[in-house]
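# Inside the fold
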Amino acid sequence: QVSLTLSQAFGLFGRRSALMAANGCSTTICTAAALAISDSVASAIHATAVAYALVAALGIIPVVAKTSFGALGVGQLWQFVRKARLLWLNSAITYAGEAGDILLAALLLPLSAVGYYRVFKAAAWVVLAPFSSILPPLYAQLASLTDAARSELYARVRRGTLGLMA
């Protein structure tokens, strides 16, 4: 989450999308491999943690290398921590939103089913990751439309959605 937030803060939206795709691919591969090797939930959790750590390193190292962070004093560190409180809230809400369904599934389903659910969820993230960099310009374009044009666009989207569902 930190690497995604830093990428977004520095305007590296393409890197953010690539990190989301890498996270989805790596967690899918590592969790599926762990479940194929053994039915142990602990090994699946460890495999997922390893995948997260690898993606975090891939995301944080280039951002830190681009910026010239020097050694921080304790006072300066606490100042940064106080300024980052909103990022903490953002990260907590994002984590709760992303992990809430898995935690709920863990309460209601057998643990092996939760592992497979996590694999399929990660695969879905890979498919949807490119849209994370497309949406901000799309929203900006939608905001500039007149009310009539926006209403017509929404009607077309509704018709298209109903056509796909039918």
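For the structure, see preceding data.
We now turn to the structure provided with this report. In this text, all values refer to a predicted model and were calculated from it rather than measured experimentally.

What counts, and where the lines are drawn
Residues numbered from 1 in each chain as written. Predicted model: local features only at pLDDT ≥ 70, side-chain atom pairs only at ≥ 80, totals over all residues. Heavy atoms only, no water. Helix = DSSP H or I, 4+ residues; strand = E, 2+ residues; numbered from the N terminus. Contact = heavy atoms within 4.5 Å. Salt bridge = Lys/Arg side-chain N within 4 Å of Asp/Glu carboxyl O. Buried < 20%, exposed > 50% of the residue type's maximum accessible area, 1.4 Å probe, protein only. 1 Å grid on protein atoms, 1.4 Å probe; cavity = no way out; pocket = protein on both sides within 12 Å on 5 of 7 lines; lining within 4 Å. Points joined across faces, edges and corners; volume = space filled by probe spheres on them. Nonpolar A, V, L, I, M, F, W, Y, C, P; charged D, E, K, R; others polar.

## Topic: the overall build of the chain
From N to C terminus, the chain includes eight helices and zero strands. In sequence order, the chain lays out its α and β elements as α-α-α-α-α-α-α-α. For the chain, the proportion of contacts with a sequence separation of at least 24, taken over those separated by at least 6, is 60%.

## Focus on the pattern of salt bridges
Across all of its chains, the model carries four salt bridges by this definition. For Lys121, the salt bridge identified is with Asp101, shortest N-O distance 2.9 Å. Residue Lys121 is found in helix α6 (residues 111-128), and its partner Asp101 is found in helix α5 (residues 85-108); the two are separated by 20 residues along the sequence. According to the relative accessible area criterion, Lys121 is buried, its value standing at 15%.

## Comments concerning the side chain of Thr31
Structurally, Thr31 can be placed in helix α2 (residues 13-37). Discounting residues that sit within four places of it in the chain, Thr31 has contacts with Ala44, Ala47, Thr48, Gly115 and Val119.

## Some details on empty space enclosed by the protein
Inspection of the entire model under this criterion finds one cavity of 30 Å³ or more. Estimates place the volume of the largest cavity at around 30 Å³. Every residue along the wall of the largest cavity is listed here: Leu35, Asp39, Val41, Ala44, Leu111, Ser112 and Gly115. Counting only elements with at least two residues in the lining of the largest cavity, the list comes to α3 (41-66) and α6. Sort the elements by how many residues they give to the lining of the largest cavity and α6 lands first, with three residues. Across the lining of the largest cavity, the residue classes tally to four nonpolar, two polar and one charged.

This is a description of form; function is not addressed.
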